[in-house]
Amino acid sequence: MAEAADFQGAGASPARRWLRRTGALLTGAPLLAGLLQLPAATPADAAGQESLQAAAGGSVSVAVDSLTPSAPSEGDTITVSGTVTNNGKQTVTGAHVDLQVGPPLETRSSIDTLAKKSDDLQGPSGEKVGGKYTEKYAKLTPGVAEPFSISVPADKLDLGRDGVYQLAVSLSGETSAQPWDQVLGIQRTFLPWQPEEADTKTKTTFLWPLVSSAHMAAETGSNEQQTPVFRDEELAEEISPGGRLDQMVSLGKGLDVTWVVDPDLLASVDAMTRSYEVRTADGTTTPGKNQEVAKHWLAELQQAVTGNEVAALPFGDPDLASLAHNGTNVTGSLGHLKEATDVADETVETILHVKPSTDFVWPVDGAIDPSIVKVATSAGADKVITRSDSLQDNLPYTPSAARPIGGGTTAVVADSRMSTPFRGDLTKASASTLAVQRFLAQSLTLDLQTSKQRSVVVAPQRMPSVSQAQAMAEALGALQGGNWSEPQDLTDAAKTKPDPAANTRVPSASAYPSALRKQELGRAAFEQIARTQGKLDKFKVILTRQSRVVTPFGRAMNREMSTSWRGRGVAAVGYRDGIESYLNGLIDGVKLIQKSETKLSGRSAMIPVTVQNNLVQGVDHLELRLTSKNPTRLKIGGDAYQEQRVTVNGGHAQSVKFTTSANANGRAEVVAQLYTEDGQKYGAPVTFDVKVTEVTPTVMLVIGGGVLLLVLAGFRMYTHRKRAAAREAAEDDTAEATDETDGPHDREDAPQNPEPSGARLKEEDGAEAEADASEQPSDPAPDTAAENADPSGTGERVDR
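Let me sum up the structure you'll find in this document. In this text the structure is predicted, and so the values were computed from the model without any measurement.

Quick notes on helix 7 (residues 244–252)
Then, in step 1: Within helix 7, 7 of the 9 residues are buried, which leaves it mostly tucked inside the rest of the structure.
Then, in step 2: Those residues of helix 7 that sit buried are R244, L245, D246, Q247, M248, V249 and G252.
Then, in step 3: At its buried positions, helix 7 is contacted by strand 9 (202–210), helix 6 (234–239), strand 12 (258–261), helix 8 (263–272), helix 9 (291–304) and helix 15 (466–480).
Then, in step 4: Phi for G254, located one or two positions after helix 7, is positive at around 95°.

Written as structure tokens, this is what we have:
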């Protein structure tokens, strides 16, 4: 016995077992003689003992794949179907499957306990129904699964008062090593029993979430329609027939639920109804081909939500906990949440044609602390969907969901026991069946706690898989067809009068689950979002059509904060990097063209600087400043710098000309820089040298020589006139002296027609003056040389 106990417990070592056997022999000396007379144990007996020990752990697995109806009433026949599989090494003979009904489970915690030990052979299993309600097998071969199906009228189960009963399916049989009938495998589940309408029904709100991950970034086509670009075709797969979101819509149709919708999902599918592009692995895009799929899904959704409440989450389903813990100290982060809330209403109403409720927020898994509540309500929402394992109560019953938590905020507390059964892998029918029955068992037990009517909210996981959604729909269908619950909208649940005994104290930050905290977006994520927003703010002021950029980037930054990035850190970084990189590319689309060294062909000239706009739309509200680093040598517009306004149409370039004046030879460094109207630098500057090449010593000597020639010519004319006047005076004196000597008679040798000497002097003076004038320099040459169309070598010749 000690040996067996050790084996089943901690697996004691052989030495320890030997010591225990020795002690047993010493204490059992009076029996030793009799024991020695018994035959020794055979190897076969030892093998049988080992087999018995293995059987205690369950050598046959039992799977309950179906239990219908899930919540039976009087007159119903209950059918239990599934499989039994021999996992041992020996054939099981004389096998039979039996149904066993245990006593009612009185508390909700007892349901949890039983669910954790649903296949434990050592636990209670109840009385066998027996009789013809047994399925028998001649043998069970190792490794082979055998089906079973047992149908039994409800009145044969001897169910008494209303409540939740344990229903066990057991497999009994024997092996060659254990030739006696024994239970070799068991599976327990729950049987809710409420055959008549309950006096007081629980009002149940079931949230039906339509949430997906981010499928669009900020990139759009350059056409007028701004054709959206999708990161992949995963969304098309989700909304295609049989896909996850397709199943959510088809399963939710006809159920009385509150649809909880991420507007980003609706906007993305709506974008797919028109022309769209899909980014491929090699970086190119290809036309999307799922327009009809998107149209069909939206049409089905519009029909499904008709008559039901729709609650809209903020656009992109932002991670409130990450924002509260890591983003509030980053400038602008809360502004993104406000924008996401503001755009939600219009998006949902435009696409679904229903007016949504936008005053609810839903932190991850309903876990809250004071900072999360503060952030959640900062955007205008005054109702926070939390969960009872976060805002816990110390009461013998479950209170209603609504309760005030201060500041005019209402916490809508979802029931954790009813919200969590649909997690995990439910692809196996047995796991799905157990989840459905557990959900119904918790609901009925809650209703039976008190005669007071209460409002309960069920908030399952955000993005259920297809199998999880199917289990949810099955459970909800059974609940709405049962006798103890009635549906209620989320808004009505939030308005229910709070239970005065319920807990209204928000748990501290230290109580926030560490497992959830590890999945949060870090501070670096919000800093990158803020950096992207800063670049966008500087970029948009120069655009003539800001909405073409502001809207897609604004929604993309909402998606960067999405709850769907939890546990996907690498993918989240890649998404943010892609958006920032794309914005950088657009910003670089408006830039200055690089310039080589510029030659100034004179003391003044026009220097052109070219602004290139590679965007589709025009840019305006830009100032181009040209600055001389050496204004004593080269001035721009008569000063150290000059500014001019720039307007460039989309896809064009614009040259802006600046007047310059040079005072000396050599190089002067010039910097061109774009500025926005508010004085912020835009883009990278362009620096180039201006080389003054034609204000040279030779030019200065030529100019100086010309001035000197003018002076010399004037001096020569002056001296020449003075000498001519002196000669004329001397000749006049000589003539007078002659007249006085000869008298008044004529001279024979006087020349005929004599020419007056004054006229001759004037004629000579005119000839000399004409000759001198021909030698005078012309007016100074222009400041700049004639335009030369030939290349200017390594330098760039400017316009004049």
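What follows continues from the structure just given.
Digging into the packing of aromatic side chains
Then, in step 1: The full count for this structure, using the stated rule, is 6 aromatic pairs.
Then, in step 2: With 5.4 Å between their ring centres and 50° between their planes, F422 and F439 make a pair best called tilted. Taken as a pair, F422 in the loop between helix 13 (416–419) and helix 14 (429–448) and F439 in helix 14 lie far apart in primary sequence, 17 residues in all.
Then, in step 3: Since its relative accessible area comes to 0%, F422 is described here as buried.
Then, in step 4: Here F439 falls in the buried class, since its relative accessible area comes to 0%.
Then, in step 5: Arranged with centres 5.1 Å apart and planes meeting at 40°, the rings of W565 and Y575 form a pair that is tilted.

Focus: the pattern of salt bridges
Then, in step 1: Under the definition given, this model contains 32 salt bridges.
Then, in step 2: The salt bridge involving R161 is made with E106; its shortest N-O contact spans 2.3 Å. Of this pair, R161 sits in the loop between strand 6 (145–153) and strand 7 (163–174) while E106 is found in the loop between strand 3 (92–105) and helix 5 (108–116), placing the two residues 55 residues apart along the sequence.
Then, in step 3: With a relative accessible area of 52%, E106 lands in the exposed category.
Then, in step 4: R423 is the salt-bridge partner of D365, the closest N and O atoms lying 2.9 Å from each other. You can see D365 sitting in the loop between strand 16 (360–361) and helix 12 (370–378) and its partner R423 sitting in the loop between helix 13 and helix 14, a full 58 residues away along the chain.
Then, in step 5: We classify D365 as partly exposed; its relative accessible area is 27%.

Thoughts on helix 11 (residues 333–352)
Then, in step 1: The end-to-end C-alpha separation of helix 11 is 29 Å, in line with the 28 Å expected for 20 residues at 1.5 Å each.
Then, in step 2: A344 marks the point of greatest bend in helix 11, at about 30°.
Then, in step 3: Listing the buried residues of helix 11 in full gives S333, H336, L337, A340, T341, V343, A344, T347, V348, I351 and L352.
Then, in step 4: Trailing helix 11 by a residue or two, H353 shows a phi angle of about 65°, which is positive.

Cut-offs applied
Residues numbered from 1 in each chain as written. Predicted model: local features only at pLDDT ≥ 70, side-chain atom pairs only at ≥ 80, totals over all residues. Heavy atoms only, no water. Buried < 20%, exposed > 50% of the residue type's maximum accessible area, 1.4 Å probe, protein only. Helix = DSSP H or I, 4+ residues; strand = E, 2+ residues; numbered from the N terminus. Contact = heavy atoms within 4.5 Å. Phe/Tyr/Trp six-rings, centres within 6.5 Å; stacked < 30°, edge-to-face > 60°. Salt bridge = Lys/Arg side-chain N within 4 Å of Asp/Glu carboxyl O. Expected span 1.5 Å × (residues − 1). Bend = angle between axes of the 7 residues up to and from the residue.

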